[in-house]
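Inside the fold
Spelled out from the first residue to the last, the chains are:
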Amino acid sequence: MKISCDAADDEINHMIRQGNMNILITGNCKGTIDFDPVSAAGNVSLPQGGIFMAKFDPAFSNLWSYGFGSGSSESGQQLAVDSSGIIFLTGKFSNLLEIGNNPSKPIVQFGNPTFETVFMARFNSEGQILNGVTIANPNGEDIEVNASITNGLSEFYIAGSFSGTVDFSFSGNPLTASGNDNDAFVVRYDSLFNQLSA
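Okay, so let's go over this structure. (Residues numbered from 1 in each chain as written. Predicted model: local features only at pLDDT ≥ 70, side-chain atom pairs only at ≥ 80, totals over all residues. Heavy atoms only, no water.)

Strand pairing in a sheet relies on backbone hydrogen bonds, with the paired strands running either antiparallel or parallel. Spatially, E12-E13-E16-E17 is the arrangement adopted by the 4 strands of the open sheet, whose pairing is antiparallel. If you trace the sheet from one side to the other, it starts and ends with strand E12 (143–150) and strand E17 (195–197), each paired once. For this sheet, the mean inter-axis angle between neighbouring strands, taken without regard to orientation, is 35°. In terms of strand pairing, strand E13 (residues 156–162) meets strand E16 (residues 183–189) through 7 bridges, oriented antiparallel. Looking at E16, one finds that Ala159 is bridged to Val186. (Pairing = 2+ DSSP bridges. Helix = DSSP H or I, 4+ residues; strand = E, 2+ residues; numbered from the N terminus. Axes fitted to C-alpha atoms, helices over the stretch in contact; angles between N-to-C directions.)

Written out as structure tokens, the structure is:
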């Protein structure tokens, strides 16, 4: 299956299985990206660039697809799914990021940071936003999320590397890297992104 973006290079950064062999992907694109060669319903338009997330059945038929964001610096990085089908997405952005694809929920606003930083978002099994948070990065630290998992209980783990001082807890309890080097981190959250351990 070929997935094409008409204006610039597109990237798939992560792919996982959801439940009964359905497939989830995320990445970034600038332009219109076509997830379904048969129907225009599978097209996602990101004229300024942004993040995509899509779901396919085992035969690669598109079940749903969404695009988020307003700039080419945004990217979906990691996906995880819990036992009830809830989807966790992490990514990076440095422009205004709002996700409002759930008619029963208000628009989730991630802000418009000065420096590139990381967001974490939770979606229902149909790809509709439930809630999300932004990891503050006022000093332009290097934050990379390289892996994410759930434990089946709606607890969410991220792991990666960071420089400087970063508050993964959102409550004034930051981690500080050693010297000028990047350090690794692992953080565990509940479904509302309250930090449980780090």
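After presenting the structure, the write-up continues.
Between side chains of opposite charge, a pair can form when the charged atoms approach closely. Following the criterion strictly, the structure yields 3 salt bridges and no others. Glu155 is paired through a salt bridge with Arg188; the nearest N and O atoms lie 3.0 Å apart. Separated by 33 residues along the polypeptide, Glu155 in the loop between E12 and E13 and Arg188 in strand E16 bring together distant segments of the chain. Since its relative accessible area comes to 22%, Arg188 is described here as partly exposed. (Salt bridge = Lys/Arg side-chain N within 4 Å of Asp/Glu carboxyl O. Buried < 20%, exposed > 50% of the residue type's maximum accessible area, 1.4 Å probe, protein only.)

With that settled, the discussion passes to the sheet that holds strand E6 (residues 75–81). Reading across from one edge, E6-E7-E10-E11 is the order of the 4 strands in this open sheet, with antiparallel pairing throughout. The open sheet terminates on both sides in strands that have one partner only, identified here as E6 and strand E11 (129–135). Neighbouring strand axes in the sheet, compared pairwise and without regard to direction, differ in orientation by 20° on average. Where strand E7 (residues 87–93) lies against strand E10 (residues 117–123), 7 bridges are found, and the strand directions are antiparallel. Paired with Thr90 across the strands is Met120, a residue of E10.

This part covers unusual backbone geometry. Residue Phe60 is not a glycine yet carries a positive backbone phi of 70°. Counting through the fold element by element, Phe60 comes out in the loop between strand E4 (43–56) and strand E5 (62–68). In this model, Phe170 sits at a positive phi of 60°, which is unusual for a non-glycine residue. Of note, Phe170 is situated in the loop between strand E14 (165–166) and strand E15 (175–176).

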